[in-house]
Amino acid sequence: DCVITHVQSRPCHCTPQSELRNMRRLTRLLSNDYFILARFLVPLAFTTVVVDVGEQFLNRSISRTANVVETLAAFGLAYVFVKFFVGVLGELKHAGLVLVHDRSGFHRILVFVVSLAASVSLLLIIIAKTQLGVWLIEDLHGVSSSVSTLTHTALTFLSLYPLIDAVVGTWYHCHWF
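So, here is what we can say about the structure in this document. What you are looking at is a predicted structure, and each value in this text was computed from that prediction instead of being measured.

## Focus: a positive patch on the surface
A grouping of Arg-21, Arg-24, Arg-25 and Arg-28 is seen on the molecular surface, where their side chains present a positively charged patch. By the secondary structure assignment, Arg-28 is in helix α1 (residues 16–31).

Below, the structure written as structure tokens:
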């Protein structure tokens, strides 16, 4: 029942000298300054492309709505609120590089950043759901009630962004051990 096929193997023309020569070429390639630069730039380029693709996806999604101008204005205003409050958290990511020396230091900075991000998320939800938000968006910025309603909805959805950004940023910048 079992059929065994014979596969001819090709004889290897490698000599110990050619293998050594190939290893030296590989070592030169890996220690080459251009390779080191490429190892740095390729992930950076990939990150930039992913952000650009995400922005295009967001732009295309907004442009396919019924009220394009109102949706864009509402999302832009909500995004400005979020970025204004998240700006503080961006500095804490870099502070963690200096303050974290061991696992307990990492947990302390993670608890601090997550609690600060949770308070920022709570502040965004308060702005989105209370009269403070109506005053900030409609009265202070002078937008219409339809744009204000869309802005409140966008703020509600974007309120989780500070928490996600803080956890991911802290983990990336501080989790080195």
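## A look at helix α4 (residues 103–129)
Helix length check: α4, at 27 residues, gives a terminal C-alpha distance of 38 Å against a target of 39 Å (1.5 Å per residue), a fit within 8%. Among the residues making up α4, those that are buried are Gly-105, Phe-106, Ile-109, Leu-110, Val-113, Ala-117, Val-120, Ser-121, Leu-124, Ile-127 and Ala-128.

## Details of the side chain of Ser-121
Take Ser-121: it is sitting in helix α4. Those residues in contact with Ser-121 that sit more than four places away from it in its chain are Ser-159, Leu-160, Pro-162 and Leu-163.

## Overview of the environment of Val-80
Relative to the elements of secondary structure, Val-80 occurs in helix α3 (residues 68–99). Exposure remark for Val-80: the relative accessible area of 54% places this residue in the exposed category.

## Digging into the packing of aromatic side chains
Across all of its chains, the model carries two aromatic pairs by this definition. Here the aromatic rings of Phe-75 and Tyr-79 are separated by 5.7 Å at their centres, their planes lie at 20°, and the arrangement is stacked. Of this pair, Phe-75 and Tyr-79 both sit in helix α3, four residues apart, roughly one helical turn. For Tyr-79, a relative accessible area of 36% translates into the label partly exposed. Note on Phe-84 and Phe-85: the rings are 5.2 Å apart at their centroids and 75° apart in plane angle, and the pair reads as edge-to-face. You can call Phe-84 exposed: its relative accessible area is 61%.

## Quick word on the side chain of Thr-71
Residue placement: Thr-71 occurs in helix α3. Residue contacts for Thr-71: discarding those within four places in its chain leaves Ile-62, Thr-65 and Leu-150.

Parameters at a glance
Per-chain numbering applies: the sequence of each chain, read as written, is numbered from 1 onward. Selection of residues for local features in this predicted model requires a pLDDT of at least 70, selection of side-chain atom pairs for listing and counting requires 80 or more, and totals for whole chains, interfaces and linings are taken over all residues. Only hydrogens and water are removed before side-chain values are computed, so all heavy atoms of the structure are retained for them. Within this analysis, patches are made of residues with over 30% relative accessible area and no salt bridge. Like charges are joined at 9 Å or less; nonpolar side chains (Val, Leu, Ile, Met, Phe, Trp, Tyr) at 5 Å or less. The protein chains shown are the only cover counted for residues, whose accessible areas, like all others here, come from Shrake-Rupley with a 1.4 Å probe. For this document, the term salt bridge refers to a Lys or Arg side-chain nitrogen within 4 Å of an Asp or Glu carboxyl oxygen. In this count, Lys and Arg are taken as positive residues and Asp and Glu as negative ones, while His and the chain termini are left out. A charge is said to be at NZ when it belongs to Lys, at CZ for Arg, at CG for Asp and at CD for Glu. Only DSSP runs of H or I with at least four residues qualify as helices, and only runs of E with at least two residues qualify as strands; both kinds are numbered from the N terminus onward. Helix span is expected to be 1.5 Å times the residue number reduced by one. Any residue under 20% of the maximum accessible area for its type is buried, any over 50% is exposed, and the rest in between are partly exposed; the area is computed with a 1.4 Å probe on protein chains only. By definition in these notes, contact holds between two residues if any of their heavy atoms fall within 4.5 Å. Side-chain rings of Phe, Tyr and Trp, where Trp is taken by its six-membered ring, are said to pair if the distance between their centres is within 6.5 Å; with planes under 30 degrees apart they count as stacked, over 60 as edge-to-face, and otherwise as tilted.

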